[in-house]
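# Breakdown of the fold
Now for the letters of each chain:
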Protein chains: 2
Amino acid sequence: MNPTIKDVAKRANVSIATVSRVLNNLGGYSDKTKQKVNEVIRELGYQPNAIARGLINKRTHTIGVLFPNVSSAFSSDILQGVEDYAHGRNYSIVVCNTDDDGKRTLKYLQLLREKQVDGIIFSSSVLKEEYYEAIQAMNVPVVLVSSESNYATVPYVKVDDCLAACDAVEYLIGKGHRKIAMISGGKEDVLAGSPRVDGYLRALQKHQIPFDSRYLVYGDFRFESGCIQFEALLQTVPDVTAVFAASDEMAIGVLSAAYKLGIRIPDDISVIGFDGVQLSNMVVPPLTTVSQPLQEMGKIAAETLIRSIETGETAEGIIVSHSIVERQTVRTLT
Amino acid sequence: MNPTIKDVAKRANVSIATVSRVLNNLGGYSDKTKQKVNEVIRELGYQPNAIARGLINKRTHTIGVLFPNVSSAFSSDILQGVEDYAHGRNYSIVVCNTDDDGKRTLKYLQLLREKQVDGIIFSSSVLKEEYYEAIQAMNVPVVLVSSESNYATVPYVKVDDCLAACDAVEYLIGKGHRKIAMISGGKEDVLAGSPRVDGYLRALQKHQIPFDSRYLVYGDFRFESGCIQFEALLQTVPDVTAVFAASDEMAIGVLSAAYKLGIRIPDDISVIGFDGVQLSNMVVPPLTTVSQPLQEMGKIAAETLIRSIETGETAEGIIVSHSIVERQTVRTLT
DNA sequence: CTGAAAGCGCTTACAG
DNA sequence: CTGAAAGCGCTTACAG
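Okay, so let's go over this structure. Since the structure is predicted, the reported quantities are computational estimates derived from the model, not experimental observations.

Here is what the cut-offs are and how they apply
Residues numbered from 1 in each chain as written. Chains lettered and ligands numbered in written order. Predicted model: local features only at pLDDT ≥ 70, side-chain atom pairs only at ≥ 80, totals over all residues. Heavy atoms only, no water. Buried < 20%, exposed > 50% of the residue type's maximum accessible area, 1.4 Å probe, protein only. Helix = DSSP H or I, 4+ residues; strand = E, 2+ residues; numbered from the N terminus. Pairing = 2+ DSSP bridges. Expected span 1.5 Å × (residues − 1). Polar contact = N/O pair within 3.5 Å; in protein donor to acceptor, adjacent residues only side chain to side chain. Least-squares fit on C-alpha atoms with pLDDT ≥ 70 in both. Contact = heavy atoms within 4.5 Å. Axes fitted to C-alpha atoms, helices over the stretch in contact; angles between N-to-C directions. Near = heavy atom within 4 Å. Nonpolar A, V, L, I, M, F, W, Y, C, P; charged D, E, K, R; others polar. Parallel < 35°, antiparallel > 145°, perpendicular 65-115°, else oblique.

Residue and element names in this part refer to chain B. On strand 10 (residues 288-291), burial covers both faces: Thr 288 and Val 290 on one face and Thr 289 and Ser 291 on the other are all buried. Here strand 9 (residues 270-275) pairs with strand 10 via four bridges, running parallel. Within strand 10, the position partnered with Asp 275 by the bridge is Ser 291. Across three bridges, strand 10 lies against strand 12 (residues 323-325) in antiparallel orientation. From the neighbouring strand, Ser 291 faces strand 12, where its bridge partner is Ser 323.

Let's shift gears to helix 6 (residues 102-114) of chain B. Between its terminal C-alpha atoms helix 6 of chain B stretches 18 Å, which fits the 18 Å expected from 13 residues at 1.5 Å a residue. Where helix 6 of chain B starts, the residue carrying a side-chain oxygen 3.2 Å from the main-chain nitrogen of Lys 103 of chain B turns out to be Asp 101 of chain B.

Mapping chain B onto chain A leaves a residual RMSD of 0.1 Å; the transformation is a rotation of 180 degrees accompanied by 0.0 Å of translation along its axis. Viewed as a symmetry operation, the transformation between the two copies matches a two-fold axis. The C-alpha atom lying nearest the rotation axis in chain B is that of Val 94 of chain B; the distance is 2.1 Å. Taken as a fraction of all interface residues of chain B, those also at the interface in chain A reach 100%, which identifies the copy contact as same-surface.

Taken in spatial order, the twelve strands line up as 11(A)-5(A)-4(A)-3(A)-1(A)-2(A)-2(B)-1(B)-3(B)-4(B)-5(B)-11(B) in an open sheet, and their pairing is mixed. Sheet topology places strand 11 (318-320) of chain A together with strand 11 (318-320) of chain B at the edges, where each strand pairs with a single neighbour. With direction set aside, neighbouring strand axes in the sheet form an average angle of 25 degrees. Note: strand 1 (residues 62-67) of chain A against strand 2 (residues 92-97) of chain A, six bridges, orientation parallel. Pairing of Leu 66 of chain A across the sheet is with Cys 96 of chain A, part of strand 2 of chain A. Its contacts with the sheet place helix 6 (residues 102-114) of chain A against strand 1, strand 2 and strand 3 (119-123) of chain A together with strand 2 (92-97) of chain B, and it is angled at close to 155 degrees to strand 2 of chain A.

Further remarks concern the protein's contact with DNA strand D. Taken together, 29 residues lie near DNA strand D, and Ile 5, Ser 20 and Ile 56 of chain A together with Arg 21 and Thr 33 of chain B sit nearest. By atom count, sugar and phosphate contribute 67% of the portion of DNA strand D lying within 4 Å of the protein. One of the backbone nitrogen or oxygen atoms of Asn 49 of chain A is found 3.3 Å away from a phosphate oxygen of DNA strand D. Interatomic distance of 2.7 Å between a side-chain N/O atom of Thr 33 of chain B and a phosphate oxygen of DNA strand D. Mapped onto the surface near DNA strand D, the elements with two or more residues apiece are helix 1 (5-12), helix 2 (16-23) and helix 4 (50-57) of chain A together with helix 2 (16-23) and helix 4 (50-57) of chain B. Per-class residue counts for the surface near DNA strand D are twelve nonpolar, twelve polar and five charged.

A few words now on the packing of helix 6 of chain B against helix 7 (residues 129-138) of chain B. All names here are of chain B. Their axes nearest at 10 Å, the elements helix 6 and helix 7 cross at an angle of 5 degrees. Relative to helix 7, the element helix 6 is oriented roughly parallel. Counting all contacts with helix 6, which are made through Gly 102, Thr 105, Leu 106, Leu 109, Leu 112 and Arg 113, the residues of helix 7 involved are Glu 130, Tyr 131, Ala 134, Ile 135, Ala 137 and Met 138. Of the residues belonging to the contact of helix 6 with helix 7, the class tally is eight nonpolar, two polar and two charged.

All names here are of chain A. Spatially, six strands are ordered 7-6-8-9-10-12 in an open sheet, and the strand pairing comes out mixed. Where the open sheet ends on each side, the last strands, each with one partner, are strand 7 (216-218) and strand 12 (323-325). Direction aside, the axes of adjacent strands within the sheet are offset by 20 degrees on average. Against the sheet, helix 9 (residues 194-206) touches strand 6 (180-184), strand 7, strand 8 (242-245) and strand 9 (270-275), its axis set at about 170 degrees to strand 6.

Attention now goes to the protein's contact with DNA strand C. Near DNA strand C lie 30 residues; those nearest to it are Arg 21, Gly 28 and Thr 33 of chain A together with Ser 20 and Ile 56 of chain B. Taken together, the sugar and phosphate atoms account for 67% of what DNA strand C places within 4 Å of the protein. Within the contact set of DNA strand C, a phosphate oxygen lies 3.0 Å away from a backbone nitrogen or oxygen of Ser 15 of chain A. One of the side-chain N or O atoms of Asn 24 of chain B is found 3.0 Å from a phosphate oxygen in DNA strand C. Mapped onto the surface near DNA strand C, the elements with two or more residues apiece are helix 2 and helix 4 of chain A together with helix 1 (5-12), helix 2 and helix 4 of chain B.

Worth remembering: the numbers are spatial, not functional.
Listed below in structure tokens is the structure:
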């Protein structure tokens, strides 16, 4: 077995209390003792047991992070930001893939509670009441990323989806487009669905472009739905000149479908995405998009959460700023 | 504070030993006692403390997973496979992003040791001797994914890189190509670098195509290097008709660079990638590639590791099979 | 400067 | 069928 603090104490001829003190730099021992103890620690290759420590301190230095889909480009980017910051602060991350499923989420929350995580980051999903209650029962802070909730006390890190969508559409309008379609995410999605539709509507209104419901279709943020909805759009409103997709993945679906159909982007139709995942820069043609600083958001979430854990203060919601990344899928209409 | 086993015991008028028994379904109590205890557990919303449990059982039901780059499409896919299987078996995953950096990796290994993880999955990186020693010292099983090592005892899950590369190149040859370039990964990379180059060489040799070193260039598996190396290739060997990239990301870089240069894929030049990440199906044109079953590999790794943890047996290495996914970036030369 | 002892929340022989 | 007690590997008053 691995050596314990007892082994170190015995070998160094001191008490375990003393070993613990030098381990934690608490002071209250002679230099000689310290030397001796450290020497033995090295000899034995001793490492403190964080589990035992956690039992006493009631701190595990572990954070649970829940994603609807860890392997999506979107989640990956956030995860990287979270992980990197947390690691710098000596916290570990346990990842949970909820599949956006209620039962699964609840099971994870229970698991995280049993494992005594110090806090929770909840990403890209609606914080249902039952989740909220479960987290309340755990008695640990939570922060939402790319999400928001009605429970006033839950801090979040997100962009202003309505404004960002409005900017995207105004960008298109600025380039001379009027026949602008939108491929939204889920119709019922109050997070990234309806707010972005509102932004679309607001932009049209601002520029006196009448809204025609045939130009608004619904996907589910994923690639395939982008392909499908774009084709549908082409049937119903063939005169469309630009498409605003509520996610990069769907925008990439549009690119893919267009390629298959022999439609040239941006020559025939312009496309703007939403998210700014790393991928958006790799596709052909490079995608113009409204970028969220995903990695940064992950970092801020981790930062906020850890502060909350360590000070006990509850944090505020934070709106981070989006930006339009101009690449090559939007053409100026003349 | 959250209720403990003591609170339950007191309220149910039994000893904590009894509560523990019903908690763990150990038998040795009357039905009436069981009812009562379960009732109190529900009333109090009691959840056992996995930390306390772990201290005794010396099992944390936690697995550490190390990736050089969590947010890459490649790692994401593996992670998803690992997470999903592990969750089904009631294990949690703590993710570590090593940046392929020695110090960082070692620090993580130490952290995982302190946190008493039950096992380790080490992905897509060379298991350096110092890592191996650190893991040995932890006294837990490890399995490598998309990696391999000289230490005979370390199980792995991977494809046969040499064979897969050979198949890719033979596929190109079968389509009539002779002027086949390869963009390899790192020159020094013994995992996914040299074995794939060997496969390339073997395929040429099998078909009596003389090897010309100008057709072999080196990237680093990432997107940008694909762009750069493709442009370089065009300078030195403009007569090239097909490119084999040792990763999908680099292949996508080729697509991107080709688009910029006005070169049509596959009309002017054919491209085949390696990995089969989800992304390869989203790009334009859809990428033909040698696919590794990444998610499946993650699953197998988790399965192997957990078996090893629970039985104490050391596992064997496993070669999984690759397959060529034909899409639209390779054209038949006539 | 140092150690004995209590305790964190559990599990597990042991005894009855 | 049930409970008292020891113990997992630590930390932290408390006493000296």
